[in-house]
Amino acid sequence: AAQQMAFLLALPLEFALEQDSDTLLSNIVERVVKAIPKAQRGALLLNDPHQDRLLLSTYVSKDQPAVSETLARRAMHEKRGFIW
């Protein structure tokens, strides 16, 4: 657990020089999936408040991304993250 926490805390330093936001977000999702034991996929959804929709920014998966807009909106409403 300590190694995983150190890994996650080092992410901001590792990615500080990345200029392209799409590449940065993709790299972060890839690294977070690797940091979570037995994780097989991950996705990052961004909120577009002007159009009240969630945008799939990036994902890591062997197949198509698996996302639940219902769960994502619940996490936003409750202001709590989750692992699905």
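Structure: see above.
Here we summarise the structure given alongside this text. The model shown is predicted, which means the values in this text are computed figures rather than measured ones.

The next point concerns the side chain of serine 68. Locating serine 68 in the fold gives a position in the loop between strand 2 (53-60) and helix 3 (69-78). A polar contact of 3.1 Å, which involves the side chain of serine 68, links it to the backbone nitrogen of leucine 71.

In this section: helix 2 (residues 21-35). Between its first and last C-alpha, helix 2 extends 21 Å over 15 residues, near the 21 Å set by a 1.5 Å rise per residue. Along helix 2, the residues classified as buried are Val29, Val33 and Ala35. The buried residues of helix 2 occupy an angular sector of 160° when the element is viewed end-on, so they sit on one face. Each element contacted by the buried residues of helix 2 is listed here: helix 1 (2-14), strand 1 (42-48) and strand 2.

Moving on to a nonpolar patch on the surface. Taken together, the side chains of Leu56, Tyr59 and Val67 make up a nonpolar region of the molecular surface, amounting to roughly 240 Å² of accessible area. Relative to the elements of secondary structure, tyrosine 59 occurs in strand 2.

Procedures and definitions
- Residues numbered from 1 in each chain as written.
- Predicted model: local features only at pLDDT ≥ 70, side-chain atom pairs only at ≥ 80, totals over all residues.
- Heavy atoms only, no water.
- Helix = DSSP H or I, 4+ residues; strand = E, 2+ residues; numbered from the N terminus.
- Polar contact = N/O pair within 3.5 Å; in protein donor to acceptor, adjacent residues only side chain to side chain.
- Expected span 1.5 Å × (residues − 1).
- Buried < 20%, exposed > 50% of the residue type's maximum accessible area, 1.4 Å probe, protein only.
- Arc of directions from axis to C-beta.
- Contact = heavy atoms within 4.5 Å.
- Patch = residues over 30% accessible without salt bridge, like charges linked within 9 Å, V, L, I, M, F, W, Y side chains within 5 Å.
- Areas by Shrake-Rupley, 256 points an atom, 1.4 Å probe, with all protein chains shown as cover.
- Salt bridge = Lys/Arg side-chain N within 4 Å of Asp/Glu carboxyl O.

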